[in-house]
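Structure at a glance
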Amino acid sequence: MTDLASISSDLLITPVRNAPFFIDELFRRKFADPAPEYGHGVICFYRKAWNHFVPLCFTNFLPYDEVILVGGAMTDGAVFDLMPPETREVIRQNGGVYFHVLKFAFEYYKDDCEAFFGHAGDQRAYEVDIHAGFEPTPYQHLIVNFHKPISSERKQYLIEKIHALGPF
């Protein structure tokens, strides 16, 4: 899998403080709610010009006890359309922007949790989630990425604990 930065020097994935400053309008369009002011926002920015950076993709990573809850993922199709067609095609061929944001964050936050959990109700997002390293659980929409070796008993405990939260 190609690293996103090697696809285009005009793409940057980075954790950000105060994510709503960058993505609130987009978040409101996508989810009809304000962007979360909690958790760790990870954004992929597209550099349209040397002095013009726009958020292309956002995902929130919320520490919860010994795990991180992943949610609020969105990509701005209008920004994607600003890119040269050949760049868009290479991104598509290499898993998409959201895939790369997940892979970046899994690596970046790997020492901060025992597992990553997601709640995937959207089929397209679910397919990207699975491709990026999540796996299904016995519960509909609840997915997990166990990125560290832990016992099967511990895995089951964490799955049950997060399932008890309901959708997040």
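To start, this report covers the structure provided alongside it. Bear in mind the structure is a predicted one, so any value in this text is a computation, not a measurement. (Residues numbered from 1 in each chain as written. Predicted model: local features only at pLDDT ≥ 70, side-chain atom pairs only at ≥ 80, totals over all residues. Heavy atoms only, no water.)

**Concerning the packing of aromatic side chains**
The geometry of an aromatic ring pair is captured by two quantities: the separation of the ring centres and the angle between the planes. To keep it simple, the criterion reads: Two aromatic rings, drawn from Phe, Tyr or Trp (for Trp, its six-membered ring), form a pair once their centres lie within 6.5 Å of each other, and the interplanar angle then sorts them: stacked below 30 degrees, edge-to-face above 60, tilted otherwise. Strands are runs of DSSP state E lasting at least two residues, helices are runs of H or I lasting at least four, and both sets are numbered from the N terminus onward. For each residue, the accessible area found with a 1.4 Å probe, counting protein chains only, is set against the maximum for its type, and the residue is called buried under 20%, exposed over 50%, and partly exposed in between.
Tallied over the full model, the rule gives ten aromatic pairs. Aromatic side chains Phe-22 and Phe-45 sit 5.3 Å apart centroid to centroid with 75° between the ring planes, which places their arrangement in the edge-to-face category. Taken together, the positions of Phe-22 in helix α2 (residues 19–31) and Phe-45 in strand β2 (residues 40–49) put the pair 23 residues apart, joining distant regions of the chain. For Phe-45, a relative accessible area of 10% gives the class buried. Taken together, the aromatic side chains of Phe-61, Phe-104, Tyr-108 and Tyr-109 make up a single cluster linked through ring pairs.

**Topic: the pairing of strand β7 (residues 142–145)**
Within a regular strand, side chains alternate between the sheet's two faces. The test is simple: We treat two strands as partners when DSSP finds at least two bridges between them.
Along β7, one buried face is formed by Leu-142 and Val-144 and the opposite face, lined by Ile-143 and Asn-145, is buried too. In this sheet, β7 lies alongside strand β5 (residues 115–119) in antiparallel orientation, the contact comprising four bridges. What sits directly across from Gly-118, in β7, is Ile-143. Two elements, strand β6 (residues 135–136) and β7, share two bridges in a ladder whose sense is antiparallel. Pairing of Pro-136 across the sheet is with Ile-143, part of β7. Taking the residues that link successive antiparallel strands as the turn, the β6-β7 hairpin has five residues, and the phi of His-141 there is positive, at about 75°.

**Some points on the environment of Gln-156**
The topology assignment puts Gln-156 in helix α7 (residues 152–163). The class for Gln-156 is partly exposed, based on a relative accessible area of 37%. For the pair Gln-156 and Thr-137, spaced 19 residues apart in sequence, the C-alpha separation works out to 9.4 Å.

**A closer look at unusual backbone geometry**
Unusually for a residue other than glycine, Asn-18 sits at a positive phi of about 55°. By the element assignment, Asn-18 lies in the loop between β1 (11–16) and α2. We classify Asn-18 as exposed; its relative accessible area is 51%. Positive phi, normally seen in glycine, also occurs at His-141, with a value near 75°. Mapped onto the secondary structure, His-141 falls in the loop between β6 and β7. Classification of His-141 by relative accessible area gives partly exposed; the value is 29%.

**Quick notes on the packing of helix α5 (residues 97–108) against helix α6 (residues 123–132)**
Short version of the rule: Inter-axis angles, ranging from 0 to 180 degrees, are taken between N-to-C directions of lines fitted to C-alpha atoms, where helices are fitted over the stretch in contact. Every angle not falling under 35 degrees, over 145, or within 65 to 115 is termed oblique; those three ranges are roughly parallel, roughly antiparallel and roughly perpendicular. By the definition used in this description, the sense in which the near helix is turned from the far one sets the handedness, with an anticlockwise turn below a right angle giving left-handed and a clockwise turn giving right-handed. By definition, residues are in contact when any of their heavy atoms lie within 4.5 Å. For this classification, Asp, Glu, Lys and Arg are treated as charged, while Ala, Val, Leu, Ile, Met, Phe, Trp, Tyr, Cys and Pro are nonpolar and the rest, including Gly, are polar.
Where α5 meets α6, the axes come as close as 9 Å, and the angle between the chain directions of the two elements is 40°. In terms of their interaxial angle, α5 and α6 are classed as oblique. Handedness of the crossing formed by α5 with α6: right-handed. From α5, Tyr-98, Phe-99, Leu-102, Lys-103 and Phe-106 reach across to α6, where they touch Ala-125, Val-128, Asp-129, His-131 and Ala-132. Residue composition of the contact of α5 with α6, by class: seven nonpolar, one polar and two charged.

**Some thoughts on the nonpolar core**
Definition in use: Nonpolar core, defined: a set of buried Ala, Val, Leu, Ile, Met, Phe, Trp, Tyr and Cys residues in which side-chain atoms within 4.5 Å join the residues together.
Counting 32 residues, the largest nonpolar core has Cys-44 and Leu-56 as the members making the most contacts within it. When residues of this core are traced back to their parent elements, those giving at least two are α1 (4–7), β1, β2, β3 (52–64), β4 (67–75), α3 (77–80), α5 and α6. With seven residues, α5 is the largest single contributor of residues to this core. Once residues within four sequence positions are removed from consideration, Leu-56 is found in contact with Leu-11, Cys-44, Phe-45, Tyr-46, Met-74, Thr-75, Asp-76, Val-79, Phe-80, Met-83 and Val-97.

**Structural notes on the pattern of salt bridges**
Heads up, the condition is: Salt bridge, as used here: a side-chain nitrogen of Lys or Arg that lies within 4 Å of a carboxyl oxygen of Asp or Glu.
Considering all chains together, one arrives at ten salt bridges under this definition. In this structure, Lys-161 and Glu-66 form a salt bridge, with 2.7 Å as the shortest nitrogen-oxygen distance. With Lys-161 in helix α7 and Glu-66 in the loop between β3 and β4, this pair connects stretches of sequence that are 95 residues apart. In this structure, Lys-110 and Glu-107 form a salt bridge, with 2.7 Å as the shortest nitrogen-oxygen distance. The exposure class of Glu-107 is partly exposed, given its relative accessible area of 48%.

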